[in-house]
Amino acid sequence: MQETDSLRAGLNSISKQIREFRSELKVELGTFKDELKTQMKHELEQFKEDINQKITLTTQEIKEQNAKVETTLSRVEEMECWSSETDGQEFMQEHKKMIDKLTDLESRSRRKNLRIFGVPEDEEKGSVTQFVEELMRRELGIDADCQIQRAHRALAPKPKADRPPRAIVVNFLQYSTKEMVLSKAWSKRIITIGERRIFFDHDYPLAMVQQRKSYVKAKKILKEAGIRFQTPFTKMRVHWNNGVKTYNDAKEVEKDLRDRGYKVADSEEAEGTITLLERLEARKSSAWQRVTKERREEASRRVRKRLEDFRRKNAVNL
C-alpha cells in the first residue's frame, strides 16, 4: 500500500513537471514567434524602402533621358529647318571665293619669281644663283645685275635619271626685272643647254598649274590646226579667223572646238577631281532636306518605346 502511494506521488510530480515544461515552452515559442514577426516586418519594410528608392532614382533618370531626347529632337528639327532654308550651294560658293582669294594671294607672293624648266640635275655645279646669272648672260644677253635674291631647285626629292629634272625657282628683287627676263626668253623662243631645250615661265601656284594643265588637249588640237593661241594665267585666248576669243576654262574651249567641227575626245575626269560645288550644282538640290512632321513623330515614338522597354527591364531586374 505504501509503495502504491509512493508511485502515485512520483507520477503526479512528473505530470506536474511536464505541464510546467509545456507552459514554459509555449511562452518561449510565443515570444520567439513575436520576435521573428517583428524582425521580418522590419526587414521587409527596409527592403521595400530600398526598392522604392531605386525605383524613384530610375524614374528620375528616365525623366532626365526623356528631357534630353526631347531637347535633341528639338535641336535636330531646328537644324533641319535651318538647313532647308539655307542652300548648301551658298556655302560652297563662299568656300570657292575664299579659295580663289587664297590662290590670288599666293600668286601675288610669287609675282617676282620665275621658273626654269628642263635644266639637267647637277648642271649648276655649285651655286644656283651664279649658274642662273651666267645662263641669262650667255643665252639672253643680259649683262646688268638682275638683283637675284634667291635661286634654288624646286623643293622636291631629287628625281631618278630617267625622270624630268626639277625646275629652278628664281626670285628677283624687282617684278619688272623678272618680266624683262621672261620677255627676252620668250622672244628668243628656243633656248638650250647642250642638246636639251629649256623653258622660262611664271611661278604659278599649284591650283593654277592644275588648271593650265587642263588645256593640254585643246592646245594639241589647235597646234595641229595651226591656230594661234595664248594661255594667260588660267584663261585661254584663241585667235580665230573671225576674231580673238577668250575662254575661262578647258570645258568651255573643248565645247567651242566641238561646235566648230573639231574632234575632241571626251574628258575622263579622275575620281575626286569634281568639286563638291560642282556636284551640288549638278544635283540642283540642297545637301540637307527637311524632315516631314510624320517622320519626326515616328522617330519620337521609337525613342519613347526604347525608353519604356529600358524602364520595364530595370523594373524586372529590381
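Residues numbered from 1 in each chain as written. Predicted model: local features only at pLDDT ≥ 70, side-chain atom pairs only at ≥ 80, totals over all residues. Heavy atoms only, no water.

Identification of the protein as L1 transposable element RRM domain-containing protein from Cirrhinus mrigala is taken from an unreviewed UniProt entry.

Asker: Is there a simple way to explain the sheet that holds strand β7 (residues 236–240) in this structure?
Answerer: Across a sheet, strands are paired by hydrogen bonds formed along the backbone, either parallel or antiparallel in direction. Sheet architecture is open: 3 strands sit in the order β6-β7-β8, paired in antiparallel fashion. Edge positions in the open sheet fall to β6 (229–230) and β8 (243–247), since each of these has one partner strand only. Sheet topology places β6 next to β7; 2 bridges connect them, and they run antiparallel. Across the sheet, the residue bridging to Q230 is R237, located in β7. Along the sheet face, helix α6 (residues 216–225) touches β6 and β7 and points at about 20° away from the line of β7. Sheet strands in contact with helix α7 (residues 250–259) are β7 and β8, and its direction is about 135° off that of β8. (Pairing = 2+ DSSP bridges. Helix = DSSP H or I, 4+ residues; strand = E, 2+ residues; numbered from the N terminus. Contact = heavy atoms within 4.5 Å. Axes fitted to C-alpha atoms, helices over the stretch in contact; angles between N-to-C directions.)

Asker: What exactly am I supposed to notice about the environment of P165 here?
Answerer: Checked against the element boundaries, P165 lands in the loop between β2 (148–153) and β3 (168–172). You can call P165 buried: its relative accessible area is 16%. Considered as a pair, P165 and A154 are 11 residues apart in the sequence and their alpha carbons are 9.5 Å apart. Excluding residues within four positions of it along the chain, P165 makes contact with G118, V119, P120, E121, R153, P159 and R196. (Buried < 20%, exposed > 50% of the residue type's maximum accessible area, 1.4 Å probe, protein only.)

Asker: Even after reading the chapter, I still don't get the environment of M236, so can you show me in this structure?
Answerer: Within the secondary structure, M236 is located in strand β7. Residue classification places M236 among the buried positions, given a relative accessible area of 0%. Sequence spacing of M236 and T246 is 10 residues, and the spatial spacing of their C-alpha atoms is 5.6 Å. Once residues lying within four places of it in the same chain are set aside, the contact partners of M236 are Y215, A218, K219, L222, F229, Q230, T231, K245, T246, Y247 and V253.

Asker: Looking at this structure, how should I read the pattern of salt bridges?
Answerer: Pairs may arise between side chains of opposite charge once their charged atoms sit close together. Considering all chains together, one arrives at 18 salt bridges under this definition. Ionic pairing is found between E139 and K188, a salt bridge with its closest N-O pair at 3.0 Å. Here E139, found in helix α3 (residues 128–139), pairs with K188, found in helix α4 (residues 175–188); they are 49 residues apart in sequence, far enough to count as distant. Accessibility expressed as a relative area gives 37% for K188, which makes it partly exposed. R212 is the partner of D201 in a salt bridge, and the nearest nitrogen-oxygen pair spans 3.9 Å. Placement of D201 in strand β5 (residues 196–202) and of R212 in helix α5 (residues 206–213) is noted, with a sequence separation of 11 residues between them. The same class applies to D201 and to R212, which are both buried. Through salt bridges that share partners, E134, R137, R138, E139 and K188 make up one connected network. (Salt bridge = Lys/Arg side-chain N within 4 Å of Asp/Glu carboxyl O.)

Asker: Just to check I follow, could you spell out the UniProt feature "coiled-coil region" (unreviewed entry) in the protein for this structure?
Answerer: According to UniProt, the "coiled-coil region" (unreviewed entry) feature falls on residues 48–79. Secondary structure across residues 48–79 divides into 100% helix and 0% strand, with the first and last C-alpha atoms of the span separated by 46 Å. (UniProt positions renumbered as here; feature names shortened; annotations may be inferred.)

Asker: Looking at this structure, how should I read the sheet that holds strand β4 (residues 191–193)?
Answerer: Strand order in the open sheet formed by 5 strands is β2-β3-β1-β5-β4, with antiparallel pairing between adjacent strands. Each edge of the open sheet is held by one strand with a lone partner, namely β2 and β4. On average, each strand axis in the sheet is tilted by 25° relative to the strand beside it, whichever way the strands run. Relative to β5, strand β1 (residues 113–117) is paired through 4 bridges, and the arrangement is antiparallel.

Asker: In this structure, what is going on with the nonpolar core? I would like to understand it.
Answerer: In a soluble, globular protein the nonpolar side chains are often hidden away together inside. Core analysis: the biggest nonpolar cluster contains 23 residues, and I116, V132, M136, V170 and F200 have the highest contact counts within it. Among the elements of the structure, β1, α3, β2, β3, α4, β4 and β5 are those that each provide at least two residues to this core. Sorting elements by how many residues they give to this core places α3 first, with 5 residues. Beyond its immediate stretch of four places on either side in the chain, V170 contacts K112, N113, L114, I116, V132, I148, R150 and A151. Counting residues in hydrophobic clusters, the runner-up holds 13 residues, among them I221, L222, A250 and V253. (Core = buried A, V, L, I, M, F, W, Y, C linked by side-chain atoms within 4.5 Å.)

Asker: Whenever I open this one, the packing of α6 against α7 confuses me. Can you help?
Answerer: To describe two helices that pack against each other, one gives the angle between their axes and the distance between the axes. For the pair α6 and α7, the least separation of the axes is 9 Å and the interaxial angle reads 35°. Seen from above, α6 lies across α7 with left-handed handedness. On α7, the residues touching K217, A218, I221 and L222 of α6 are V253, E254 and L257. Taken together, the residues of the contact of α6 with α7 break down into 5 nonpolar, no polar and 2 charged. (Left-handed = near helix turned anticlockwise from the far one by under 90°. Nonpolar A, V, L, I, M, F, W, Y, C, P; charged D, E, K, R; others polar.)

Asker: Any chance you could explain α7 here in plain terms?
Answerer: The periodicity of an α-helix, 3.6 residues per turn, causes residues three or four places apart in sequence to face the same way. Among all positions in α7, only A250, V253, E254, D256 and L257 are buried. The arc that holds the buried residues of α7, viewed along the axis, is 160°, so those residues lie on one side. Turned more than 90 degrees from where α7 packs its buried face, K251, K255 and D259 sit exposed. For α7, the secondary structure elements touched by its buried residues are α6, β7 and β8. Two residues or fewer after α7 comes G261, characterised by a positive phi angle close to 95°. (Arc of directions from axis to C-beta.)

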